[in-house]
Amino acid sequence: MAELLTHVLLVYVLLTVAGWRIDAITDRWVPIGMAGAAIPDLLKVERLVDERILEGLLGVPFSYAPISSLGGVLVVAGGLTLCFTESRRRVFGLLVAGGVSSLVLDGLRMYADGHAGFWLYPLWWRPPTPNLYVTSDPRVTVVAVLAGACVFLLDRYVFGTAQ
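Residues numbered from 1 in each chain as written. Predicted model: local features only at pLDDT ≥ 70, side-chain atom pairs only at ≥ 80, totals over all residues. Heavy atoms only, no water.

### Some points on the environment of Trp119
The test is simple: Secondary structure elements follow DSSP: runs of H or I of four or more residues count as helices, runs of E of two or more count as strands, with numbering from the N terminus. Each residue gets one of three labels from its accessible area relative to the maximum for its type: buried under 20%, exposed over 50%, partly exposed in between, using a 1.4 Å probe on protein chains only.
Mapped onto the fold, Trp119 is located in the loop between α5 (88-107) and α6 (138-158). Residue Trp119 is classed as buried on the basis of its relative accessible area of 17%. Trp119 sits 50 residues away from Ser69 along the chain, and the two C-alpha atoms are 4.0 Å apart.

Below is the structure:
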């Protein structure tokens with residue numbers, strides 16, 4: 001769960017800071033991007049519903065793995081966008097931005113062979129990773145929480161959203 005929290009807080013920080021300069025990104029739209037950051041982590045649903053159960057129900061081979069890729073983010077974001085009645089382009093863009101930021105953050109973590117996962121699917125290429133952090137390292141979460149808290153306080157008290 002620390003990984004999901006880190007992904008969501010990264011998007012919160014990025015979109016809130018961008019909103020200080022870009023009028024189109026208001027506080028109303030930041031949670032949409034934050035939801036997009038959770039899209040690649042939807043593959044963790046596998047812990048609740050095994051792939052073999054879905055294969056049996058659907059009658060076709062099924063895998064959660066493509067959800068945690070660029071193609072999966074685009075498809076899921078497109079499906080979620082259909083739930084909105086207005087500003088669909090903005091919603092889709094923010095969902096994709098959140099999902100892509102999550103994938104990029106995953107691409108920076110440590111892998112045993114020095115290459116990130118297939119997060120660029122449908123491109124069959126595993127880009128090299130700089131091996132910046134280990135997923136289980138609590139310092140990553142602490143940094144994300146502190147950054148989120150700082151941006152929240154700056155947004156609330158310095159940039160005038162507090163009354």
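### Details of a nonpolar patch on the surface
Let me state the cut-off plainly: A patch consists of residues whose relative accessible area exceeds 30% and which take part in no salt bridge; residues with like charges are grouped when within 9 Å of each other, and nonpolar side chains (Val, Leu, Ile, Met, Phe, Trp, Tyr) when within 5 Å. Note that accessible areas follow from Shrake-Rupley with a 1.4 Å probe, and for residues the cover is restricted to the protein chains shown. Any carboxyl oxygen of Asp or Glu that lies within 4 Å of a side-chain nitrogen of Lys or Arg is treated as forming a salt bridge with it.
A surface patch of nonpolar side chains, amounting to about 620 Å² of accessible area, comprises Phe152, Leu153, Leu154, Tyr157, Val158 and Phe159. Along the polypeptide, Tyr157 turns up in helix α6. Overall, the relative accessible area of 58% leaves Tyr157 in the exposed class.

### Examining the UniProt feature "transmembrane region" (unreviewed entry) in the protein chain
To keep things clear, this is the line we draw: UniProt positions are given in the numbering used here, feature names are shortened, and annotations may be inferred rather than shown by experiment.
When the UniProt feature table is mapped onto this chain numbering, "transmembrane region" (unreviewed entry) sits at residues 64-84, 91-112 and 132-154. When the span residues 132-154 is considered, its composition is 74% helix and 0% strand, and the gap between its end C-alpha atoms is 27 Å.

### Some thoughts on the pattern of salt bridges
Taken as a whole and assessed by the stated rule, the structure comprises eight salt bridges. Two residues, Arg109 and Glu3, come together in a salt bridge whose shortest N-O distance is 2.6 Å. Placement of Arg109 in the loop between α5 and α6 and of Glu3 in helix α1 (residues 2-19) is noted, with a sequence separation of 106 residues between them. Here Arg109 matches Glu3 in class, with each residue buried. A salt bridge links Arg126 to Asp113; its shortest N-O distance comes to 2.8 Å. With Arg126 in the loop between α5 and α6 and Asp113 in the loop between α5 and α6, this residue pair connects regions lying 13 residues apart in the sequence. Sharing partners across several salt bridges, the network here consists of Glu3, Asp41, Lys44, Asp106 and Arg109.

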